[in-house]
Amino acid sequence: MRTEQLGDVVFTAVAENSSGINGESRVEGGLAVEVASPTAQDRGGATNPEELLALSWATCLNAAARVVAGPGVEVFARTHVSLHRRADGEGFEFSARAELRFDGKTAEEAEALAAAAHERCPVSRMLSGRSPVSVVAIP
């Protein structure tokens, strides 16, 4: 992880969950969504962490791609977030893959733009271990 100084905070989202994988997750003062295990037989229209992470990354990556591609370039982003059993048997882990399409760009140009978008996107940076992340216990 890079240790460079972070700039001023421009926005903070606070999300909460007290029910685990089956119940409700909410953004403080905003969106509330029903959540269910992705392996449940009937999720009843509920979402899950994999889908929420994929949505977040696709949105962020598309926004970053539009900046690096410049005006007038149509961009399409698709992300895949997969849940895997850990090889050591200790729970689960994610793998992720993103696809970007830049209309009117050659394969070489698109590859360079995709790399630049991945570098610019805050979600990509966090998923790649290039942003500070911490977990702390609270009383």
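Only a predicted model underlies this, so the values are computations on that prediction, with no experimental measurement involved. (Residues numbered from 1 in each chain as written. Predicted model: local features only at pLDDT ≥ 70, side-chain atom pairs only at ≥ 80, totals over all residues. Heavy atoms only, no water.)

(A) Expanded view of the overall build of the chain. A tally of helices and strands in the chain yields three helices and five strands. Listing every helix and strand of the chain by position from the N terminus yields β-β-β-α-β-β-α-α. Principal-axis analysis of the C-alpha atoms places the extent of the chain at approximately 45 × 40 × 35 Å. For the chain, the residues scored as buried account for 25% of the 139 residues in total. Looking at the chain, you have 13 positive and 19 negative side-chain charges, and the mean spots of the two groups are 4 Å apart. (Helix = DSSP H or I, 4+ residues; strand = E, 2+ residues; numbered from the N terminus. Buried < 20%, exposed > 50% of the residue type's maximum accessible area, 1.4 Å probe, protein only. Lys, Arg positive; Asp, Glu negative; His and termini not counted. Charge placed at Lys NZ, Arg CZ, Asp CG, Glu CD.)

(B) Inspection of the nonpolar core at higher detail. Grouped together as the largest cluster of nonpolar side chains are 14 residues, with contacts concentrated most on Ala69, Val75, Phe102 and Cys121. For this core, the secondary-structure elements that each account for two or more residues are α1 (49–69) and α2 (107–120). Looking at this core, the element that brings in the most residues is α1, giving six residues. Here Ala69 is in contact with Val75, Phe102 and Leu113, once residues within four sequence places are set aside. (Core = buried A, V, L, I, M, F, W, Y, C linked by side-chain atoms within 4.5 Å. Contact = heavy atoms within 4.5 Å.)

(C) View of the sheet that holds strand β2 (residues 23–27). What the three strands build is an open sheet, ordered β1-β2-β3; its pairing is antiparallel. Strand pairing shows two members of the sheet lacking a second neighbour, β1 (15–17) and β3 (32–35), which therefore form its edges. Shown here is a sheet whose adjacent strand axes are inclined to one another by a mean of 25°, direction ignored. Pairing geometry for β1 and β2, over three bridges, is antiparallel. Note on β2: the bridge partner recorded for Ala15 is Val27. (Pairing = 2+ DSSP bridges. Axes fitted to C-alpha atoms, helices over the stretch in contact; angles between N-to-C directions.)

(D) Spatial organisation of α1. Here α1 spans 30 Å end to end across 21 residues, near enough to the 30 Å set by a 1.5 Å rise per residue. Taken together, the buried positions of α1 are Glu50, Leu53, Ala54, Trp57, Ala58, Cys60, Leu61, Asn62, Ala64, Ala65 and Ala69. Its side-chain oxygen 3.0 Å from the backbone nitrogen of Glu50, Asn48 forms the N-cap of α1. Gly70, located one to two residues past α1, shows a positive phi value of around 90°. (Expected span 1.5 Å × (residues − 1). Polar contact = N/O pair within 3.5 Å; in protein donor to acceptor, adjacent residues only side chain to side chain.)

(E) Broad picture of the packing of α1 against α2. As a packed pair, α1 and α2 sit with axes 8 Å apart at the nearest point and diverge in direction by 125°. In terms of orientation, α1 and α2 fall into the oblique class. At the point where α1 passes α2, the crossing takes the right-handed sense. When α1 is examined against α2, the residues Leu61, Ala64, Ala65, Val67, Val68 and Ala69 are found in contact with a partner set consisting of Leu113, Ala116, Ala117, His118 and Arg120. (Parallel < 35°, antiparallel > 145°, perpendicular 65-115°, else oblique. Left-handed = near helix turned anticlockwise from the far one by under 90°.)

(F) Spatial organisation of α2. In this model α2 runs 20 Å from its N-terminal to its C-terminal C-alpha over 14 residues, within 8% of the 20 Å that 1.5 Å per residue would give. Considering only its buried residues, α2 is in contact with α1 and β5 (92–102).

(G) Here's a closer look at the pattern of salt bridges. For the structure on display, the rule yields eight salt bridges. As a salt-bridge pair, Glu99 and Arg78 come within 3.3 Å of each other at their nearest N and O atoms. Linking Glu99 in strand β5 with Arg78 in strand β4 (residues 75–85), this pair joins segments that are 21 residues apart in sequence. Residue Arg78 is classed as partly exposed on the basis of its relative accessible area of 40%. The residue Arg86 makes a salt bridge to Asp88 at a minimum N-O spacing of 2.6 Å. Among the residues examined, Arg86 registers a relative accessible area of 33% and is labelled partly exposed. With relative accessibility at 46%, the residue Asp88 sits in the partly exposed group. Residues participating in the shared-partner salt-bridge network are Arg78, Arg97 and Glu99. (Salt bridge = Lys/Arg side-chain N within 4 Å of Asp/Glu carboxyl O.)

Distances and angles like these do not, on their own, reveal function.
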